[in-house]
Amino acid sequence: MSTHPDPIDFTDLTTESYQARSNQNSMSMRPNVTEHYWGYEVRPYEQLVDIAVLLRATCGFLTVATLIAAVGLWLLPSTVFGAQAMVAKMTVSLLLICAALVLARVVARGTCVRVQIDTAAGEVREVVDGMYQSDIVLAHYRFDAIDAVDVIAARSSASFRQVQIIIKGIGPVPAGDGSPLLIAVLRSRLASDFGLENAH
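Values in this document were obtained by computation on a predicted structure and should not be read as measured data.

Reading the values: rules and limits
Residues numbered from 1 in each chain as written. Predicted model: local features only at pLDDT ≥ 70, side-chain atom pairs only at ≥ 80, totals over all residues. Heavy atoms only, no water. Pairing = 2+ DSSP bridges. Helix = DSSP H or I, 4+ residues; strand = E, 2+ residues; numbered from the N terminus. Axes fitted to C-alpha atoms, helices over the stretch in contact; angles between N-to-C directions. Contact = heavy atoms within 4.5 Å. Salt bridge = Lys/Arg side-chain N within 4 Å of Asp/Glu carboxyl O. Buried < 20%, exposed > 50% of the residue type's maximum accessible area, 1.4 Å probe, protein only.

**Looking at the sheet that holds strand S3 (residues 114-118)**
Two pairing modes exist for strands in a sheet, parallel and antiparallel, and in both the strands are linked by backbone hydrogen bonds.
Point 1. As summarised here, the arrangement of the 5 strands in space is S1-S2-S3-S4-S5, forming an open sheet in which the pairing is antiparallel. Edge strands, defined here as strands with exactly one partner in the open sheet, are strand S1 (32-36) and strand S5 (135-142). Adjacent strand axes in the sheet meet at a mean angle of 25° when their direction is disregarded.
Point 2. Across 7 bridges, strand S4 (residues 123-129) lies against S5 in antiparallel orientation. Looking at the pairing, Glu126 lines up with Ala139 of S5.
Point 3. Running at roughly 140° to strand S2 (residues 39-43), helix H5 (residues 180-194) makes contact with S1, S2, S3 and S4 of the sheet.

**What about the pattern of salt bridges?**
Point 1. This model, assessed by the stated rule, comprises 5 salt bridges.
Point 2. With a closest N to O distance of 2.9 Å, Arg125 and Glu123 form a salt bridge.
Point 3. Relative accessible area serves as the criterion here: at 11%, Arg125 is assigned to the buried category.
Point 4. Residues participating in the shared-partner salt-bridge network are Glu41, Arg43 and Arg114.

Here it is, written out as structure tokens:
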């Protein structure tokens, strides 16, 4: 499972990864933008351990446990090799394998929400990694539903900021982070692509 990034998470940058980065030159924190034929994609730097990450780890453990249980069921000594014992073992094994497959799908799903700016289709998509290099779309918004593009400074460090796309009736969608000068370039590009003359 995955969760949408909460803008309040950005204001609490006390994780080790951020503290290590804060010792580096903050001017080198360029927003993580990947160009595509349909537009571009923005991936956040800040990775927070939230409930989605913990759930994914738990599902990984349960996947391995159910597979071991499905195989181990056939290793148990059987006192009676009758048809009923075989049917019972086969039924329980199939149920455990099905449960393992469902859990494996949860494990294969990413937790890092990326924002795709599709200039060809005129929409913004929030996506996570799926199985087999695919993308799972969590939400998509048309460009005309975008109200503004804001830059929010981190509470603990003014040298680290985040771009937020404000969706009408929904609220902010975090769309990249980095140093103030370089994040301003991304903000301007987003505002231009969305057709916003006055970006906050």
